[in-house]
Amino acid sequence: MAQTTPVHPVDEVPPVRQLAAFGLQHVLAMYAGAVAVPLIVGGAMKLSPADLAYLITADLLVCGIATLIQCIGFWRFGVRLPIMQGCTFAAVSPMVLIGTTGGGLPAIYGSVIVAGLAIMLLAPVFGKLLRFFPPLVTGTVILIIGISLLPVAGNWVAGGVGSADFGAPKNIALALFVLVVVLGVQRFAPAFLSRIAVLIGIGGGLAAAVPFGFTDFDGVGDADWVGISTPFHFGAPTFEFSAIVSMLVVALVTMTETTGDLIAVGEMTDRRIEPRSLSDGLRADGLSTVLGGVFNTFPYTAYAQNVGLVGMTRVRSRWVVATAGGILVLLGLLPKLGAVVAAVPAPVLGGAGLVMFGTVAASGLRTLTQVDFKGNNNLTVVAVSVAMGVLPVGVPTIYEKFPDWFQTVMNSGISAGCLTAIVLNLLFNHLPAKAGSAAPEPDGLAGGGTEEGVEKSREEVV
């Protein structure tokens, strides 16, 4: 009898009803973050409500297209893993500065297009840097990603930044109710229901929120049925040197963050990232960013929110996230549907976010269990990297006296922690050892994965 080649879980196609449920779960997990960037940038530029609505629908449309490119892929574009794409927060401050100092949206979009082209050109270079990401570095970066996201969940739990009742006990109670529902479903429900525990928790939280006045659906009636984003709606892009330079710095930051996210999903799905697949994923980021500049939105990156959802639900199919991308396209074309999703109150998302973002941090700890911490300086590498990654999260204004380019890099806890982990790993595990201690590692940086000098103590290497 002919034997069929087993399909990797990443490439499995679940039944349609499961695709829809799992996909909607991913959309709900990232929706608030996706619309936050256009709201912040548009609000700072004092755009009209109609223009703000246009930015949001354009963003959702390109989010969906970017996710489809990343998950399904074509030629050398797309990592073909369950990766959700969304606007990067690293670009918010530079874009607000560009937009409010005379350049306006055309200058933002010009710099975004150039940044996207630069990402596509630099993708192969970053692919070759994968050898600098042994388990010591990847585990640390994944841990930092999870820790960096937890304050986002905390703000949602309290009611959302800027809300009039921020921190009200009723908000925290609603978030805890959602958390209890998610945990209860995951623990006691049948296998399929446990995999959509977040969706059930959000649905239950929304059902509880409506009668208690947490939200209403008035915005649904005001929203249009159809909205189509046309290229260069706000005018032809302009290319200003200072704007382009600042956006190129953002591009380097987002490439670093995306690298960490792709490696994290590769660990969770048992499909390790290789140099070629990393280049393909970054190249898709660049293409999506160019599309963002053309279709009136912003730079795109992998969303760490959904990395936690993959780890929590153990649903590894990229077709699930591709379905989520299709849902986002619909939300971008049908603003009324987007208004329905937008009615989910922040505390409901916060209750689910606590589980998802904590899962990312726990996945980092699991990766670090592969590392030997005896007789070497690996503990120092992790300690200092986590500290540098958490610093801008705990003290957001710590670097406000520094130049703009420095703030763009270091205000992202993920990029700050990632760069620190890479440098310290090189310092302690790849430079010649000091006299009287241990010899340098025999294999250096070769191998592109687990490195002998990181996995074993120095005495064992000698």
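The structure displayed is predicted, hence computed values, not measured ones.

Enquirer: Describe the nonpolar core, with residues and values.
Expert: Judged by nonpolar contacts, the single largest core of 111 residues is most densely connected at Ile108 and Phe298. Residues in contact with Phe298, not counting those within four places in the same chain, are Val37, Pro38, Val41, Leu55, Cys87, Met95, Ile108, Tyr109, Val112 and Gly292. In this structure, Leu143, Val381, Val386 and Leu424 belong to the second largest nonpolar core, which totals ten residues.

Enquirer: I'd love a proper account of unusual backbone geometry, names of residues and values included.
Expert: The phi dihedral of Asp270 falls on the positive side, at around 60°, and the residue is not glycine. Here the phi dihedral of Asn296 falls at roughly 70°; this positive angle occurs in a residue that is not glycine.

Enquirer: Could you give me a rundown of the packing of aromatic side chains, with the residues and numbers involved?
Expert: Each aromatic ring pair is characterised by the separation of its centres together with the angle its planes make. In total, this model carries seven aromatic pairs according to the counting rule given. Between the aromatic rings of Tyr399 and Phe402, the centroid separation amounts to 5.7 Å while the plane-to-plane angle is 85°, which identifies the pairing as edge-to-face. Taking relative accessible area as the criterion, Tyr399 reaches 7% and is therefore assigned buried. Taking relative accessible area as the criterion, Phe402 reaches 39% and is therefore assigned partly exposed. Considering the side-chain rings of Phe402 and Phe406, the 4.7 Å spacing of their centres and the 20° angle between planes classify their relative orientation as stacked. Among the aromatic residues, those joined into a cluster by ring pairs are Phe74, Trp75 and Phe77.

Enquirer: Could you give me a rundown of helix α6 (residues 169–188), with the residues and numbers involved?
Expert: For α6, built from 20 residues, the straight-helix expectation of 28 Å at 1.5 Å per residue is met to within 8% by its first-to-last C-alpha distance of 28 Å. Residues of α6 that are buried: Asn171, Leu174, Ala175, Val178, Leu179, Val181, Val182 and Val185. One side of α6 holds all its buried residues, which, seen down the axis, span an arc of 155°. Of the exposed residues in α6, the ones pointing more than 90 degrees away from its buried face are Pro169, Val180, Arg187 and Phe188. Tucked into the core, α6 has its buried residues touching α5 (135–158), α7 (191–195), α8 (197–209), α12 (304–313) and α15 (346–368).

Enquirer: Got a sec to walk through the packing of helix α1 (residues 16–44) against α12? Specific residues and values, please.
Expert: Following both chains from N to C, one finds α1 and α12 inclined at 155°, their axes separated by 9 Å at the closest point. For the element pair α1 / α12, the angle class is roughly antiparallel. Helix-helix and strand crossings are classified by hand; for α1 and α12 the assignment is right-handed. Residues Gln25, His26, Ala29, Met30 and Gly33 of α1 lie in contact with α12, whose contacting residues are Gln305, Asn306, Leu309, Val310 and Thr313.

Enquirer: Break down the confidence of the model for the protein for me, citing the residues and quoting the values.
Expert: On average, the protein scores 81 in pLDDT, and the residues at 70 or more come to 89%. By mean pLDDT, the top-scoring element of the protein is helix α11 (residues 275–294) (92), and the lowest-scoring one is helix α20 (residues 458–461) (35).

Enquirer: Could you give an account of a nonpolar patch on the surface, with specific residues and numbers?
Expert: Taken together, Leu122, Val125 and Leu252 make up a surface patch of nonpolar side chains, about 230 Å² in accessible area. Structurally, Leu122 is set in helix α4 (residues 104–128). What makes Leu122 partly exposed here is its relative accessible area of 34%.

Enquirer: Residue-level account of the environment of Ala107, with values.
Expert: Along the chain, the position of Ala107 falls in helix α4. A relative accessible area of 0% means that Ala107 is categorised as buried. C-alpha of Ala107 to C-alpha of Met95: the two residues are twelve residues apart in sequence and 9.0 Å apart in space. Residues in contact with Ala107, not counting those within four places in the same chain, are Ile98, Thr238, Glu240 and Ala243.

Enquirer: Tell me about the pattern of salt bridges, and please be specific about residues and values.
Expert: Throughout the structure, instances matching the rule amount to seven salt bridges. As a salt-bridge pair, Asp11 and Arg318 come within 2.9 Å of each other at their nearest N and O atoms. In this pair, Asp11 is assigned in the segment before α1 and Arg318 in helix α13 (residues 318–333), connecting sequence segments 307 residues apart. Given a relative accessible area of 24%, Asp11 falls into the partly exposed group. Between Glu267 and Arg272 there is a salt bridge, with the nearest N and O atoms lying 3.7 Å from each other.

Enquirer: Can you tell me about the state of the cysteines, naming the residues and giving the values?
Expert: Counting across every chain of the model gives zero disulfides. As a non-bridged cysteine, Cys63 has Cys87 as the owner of its nearest cysteine sulfur, 5.3 Å distant. Classification of Cys63 as buried rests on a relative accessible area of 0%. On the basis of relative accessibility, which here comes to 0%, the residue Cys87 falls in the buried class.

Enquirer: Tell me about helix α10 (residues 241–269), and name the residues and values.
Expert: Along an α-helix, residues three or four positions apart point the same way, because every turn accommodates 3.6 residues. With 29 residues, α10 should cover 42 Å at 1.5 Å per step; its first-to-last C-alpha distance of 41 Å lies within 8% of that length. Where burial is concerned, most of α10 is hidden: 23 out of the 29 residues are buried. Looking one or two residues past α10, Asp270 carries a phi angle of roughly 60°, positive in sign.

Enquirer: Describe the packing of α4 against α11, and please don't skip the residues or the numbers.
Expert: As a packed pair, α4 and α11 sit with axes 7 Å apart at the nearest point and diverge in direction by 175°. Between α4 and α11, the angle is such that the two are roughly antiparallel. Here the residues of the contact of α4 with α11 are counted per class, giving 15 nonpolar, seven polar and two charged.

Enquirer: Break down the side chain of His26 for me, citing the residues and quoting the values.
Expert: The topology assignment puts His26 in helix α1. Aside from chain neighbours lying at most four places away, what touches His26 is Met84, Asn306, Leu309, Val310, Val320, Val321 and Ala324.

Enquirer: With reference to specific residues and values, describe the environment of Ser412.
Expert: Its place among the elements puts Ser412 in the loop between α17 (404–410) and α18 (413–429). Judged by relative accessible area, Ser412 falls into the buried class, the value being 10%. C-alpha of Ser412 to C-alpha of Ser148: the two residues are 264 residues apart in sequence and 8.7 Å apart in space. Excluding residues within four positions of it along the chain, Ser412 makes contact with Val253, Glu257 and Pro392.

Definitions and limits used
- Residues numbered from 1 in each chain as written.
- Predicted model: local features only at pLDDT ≥ 70, side-chain atom pairs only at ≥ 80, totals over all residues.
- Heavy atoms only, no water.
- Core = buried A, V, L, I, M, F, W, Y, C linked by side-chain atoms within 4.5 Å.
- Buried < 20%, exposed > 50% of the residue type's maximum accessible area, 1.4 Å probe, protein only.
- Contact = heavy atoms within 4.5 Å.
- Phe/Tyr/Trp six-rings, centres within 6.5 Å; stacked < 30°, edge-to-face > 60°.
- Helix = DSSP H or I, 4+ residues; strand = E, 2+ residues; numbered from the N terminus.
- Expected span 1.5 Å × (residues − 1).
- Arc of directions from axis to C-beta.
- Axes fitted to C-alpha atoms, helices over the stretch in contact; angles between N-to-C directions.
- Parallel < 35°, antiparallel > 145°, perpendicular 65-115°, else oblique.
- Left-handed = near helix turned anticlockwise from the far one by under 90°.
- pLDDT = per-residue confidence, 0-100.
- Patch = residues over 30% accessible without salt bridge, like charges linked within 9 Å, V, L, I, M, F, W, Y side chains within 5 Å.
- Areas by Shrake-Rupley, 256 points an atom, 1.4 Å probe, with all protein chains shown as cover.
- Salt bridge = Lys/Arg side-chain N within 4 Å of Asp/Glu carboxyl O.
- Disulfide = S-S within 2.5 Å.
- Nonpolar A, V, L, I, M, F, W, Y, C, P; charged D, E, K, R; others polar.

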